[in-house]
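Coordinate analysis (summary)
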Amino acid sequence: MKVFMYTLSTCPWCRKTKQFFKEKNIPFEFVDYDLQNEEEQDKIMKEMEKLSTTKAFPFVKIDDNVIVGYNPDKYSELLGEKGKQK
Amino acid sequence: MNPGSRKKALRYFFQKIIDPLGYKFSPDEEMVDFLLEQEVLLEQKHGIPYCPCQGLTKKREENMKIVCPCIPFHREHFDAIRRCWCGLYVHKDVTDPDALKQIPFNEIKRGQDVR
Amino acid sequence: MIGSSWVYAIDENKLQENINMVFPKGLPVLLIKKAGEIYAISNKCAHMACTLAGGTLKDYTIKCPCHDWKFDIRTGEFQDAREIRIPVYEWKLSDGRIFIKIEEGKK
Ligand code: SF4
Ligand code: FES
């Protein structure tokens, strides 16, 4: 299972999202959109807009599932057994 | 200007805008303070208090829709989730902001009220 | 009760087509002359109080130079949320002089 997310360094819900996965000991990778250069941001936004409709963060991918927004219930559901451990 | 007084100034400006729209500052004071602080920092960096929870692009027209308070440009979305995306503002009747969910616009059905 | 008074703003023959800035009693007011009509609105944006005079006028809409909020010069309404508006002032012409009605205790 692969967990990846686009986040903003300024957004409290992005912090909560990272915290959620940390607490469950689930490894994840993240890219802070606002700390990238313009070219990189362009690429990321295009990818996000293809998979969702929005400029809103956090943008989380659990395998091929996209979840926009801090949504612990959905993360847990997608993580299955792993999401239950504390 | 020091961040504390700028935070107060933003609060003063924004209160006048959100009130007629049916919104108030979130009762979660810690969240409000954190978000206003981020906006002050974004303002120092860009000259504009952009949204801390939405991404800037190269297009001015798009960026102007995420200057705080961006409620007028996302009314249908925020009215449905009963707060703005960041949670800086909530509908006036909200007393427990933690009970609200952060649902993206494309998952909201027209006219739906998510409670 | 709030009183109101007529305050001199500018001579009519000094008015230019489109945007004019005046300050009756120190109040920032925009007088907009357009197609023979005159409109008087606040010169302060409802968003973060930028000076609207630096913006652009198109038809009956003035766009704030700071973050592009658009207001109807006839009603003062913000185009994207009509509940928000900038003050619109009454004005009158007398002896070639334009006066603006200012309510006391309300700016
Ligand atoms: S989502 Fe909320 S905090 Fe962010 S810009 Fe919009 S109104 Fe402001
Ligand atoms: S101050 Fe006018 S649009 Fe922001």
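All values reported here derive from a predicted model rather than from experimental measurement. (Residues numbered from 1 in each chain as written. Chains lettered and ligands numbered in written order. Predicted model: local features only at pLDDT ≥ 70, side-chain atom pairs only at ≥ 80, totals over all residues. Heavy atoms only, no water.)

**Some remarks on the pattern of salt bridges**
All names here are of chain B. Scanning the entire structure with this criterion turns up 22 salt bridges over all chains. As a salt-bridge pair, D79 and R75 come within 3.8 Å of each other at their nearest N and O atoms. Of this pair, D79 and R75 both sit in helix 4 (residues 75-81), 4 residues apart, which is roughly one turn of that helix. (Salt bridge = Lys/Arg side-chain N within 4 Å of Asp/Glu carboxyl O. Helix = DSSP H or I, 4+ residues; strand = E, 2+ residues; numbered from the N terminus.)

**Overview of the interface of chain B and chain A**
Taken together, the 23 residues of chain B in the interface contact 24 residues of chain A. A combined buried area of about 1900 Å² lies between chain B and chain A, and 54% of that area is made up of carbon and sulfur atoms. Measuring nitrogen to oxygen at the nearest pair gives 3.2 Å for the salt bridge that ties K74(A) to E107(B). The interface formed by chain B and chain A contains 10 residue pairs in polar contact (both at pLDDT 80 or more). Here the side of chain B that touches chain A gets 6 residues from one element, more than from any other, and that element is helix 2 (residues 29-46) of chain B. Tallied by class, the residues present in the side of chain B that touches chain A amount to 10 nonpolar, 7 polar and 6 charged. (Contact = heavy atoms within 4.5 Å. Buried area = accessible area lost by both parts, 1.4 Å probe. Polar contact = N/O pair within 3.5 Å; in protein donor to acceptor, adjacent residues only side chain to side chain. Nonpolar A, V, L, I, M, F, W, Y, C, P; charged D, E, K, R; others polar.)

**A closer look at the sheet that holds strand 2 (residues 18-22) of chain C**
Residues and elements named next belong to chain C. Reading across the sheet, the 3 strands line up as 2-3-4 and stay open at both edges, with antiparallel pairing between neighbours. Where the open sheet ends on each side, the last strands, each with one partner, are strand 2 and strand 4 (37-42). When strand polarity is set aside, the average angle formed by the axes of neighbouring strands in this sheet is 25 degrees. Bridge count for strand 2 against strand 3 (residues 29-34) is 5 bridges, and the pairing is antiparallel. Bridging across to strand 3, I19 finds its partner in I32. (Pairing = 2+ DSSP bridges. Axes fitted to C-alpha atoms, helices over the stretch in contact; angles between N-to-C directions.)

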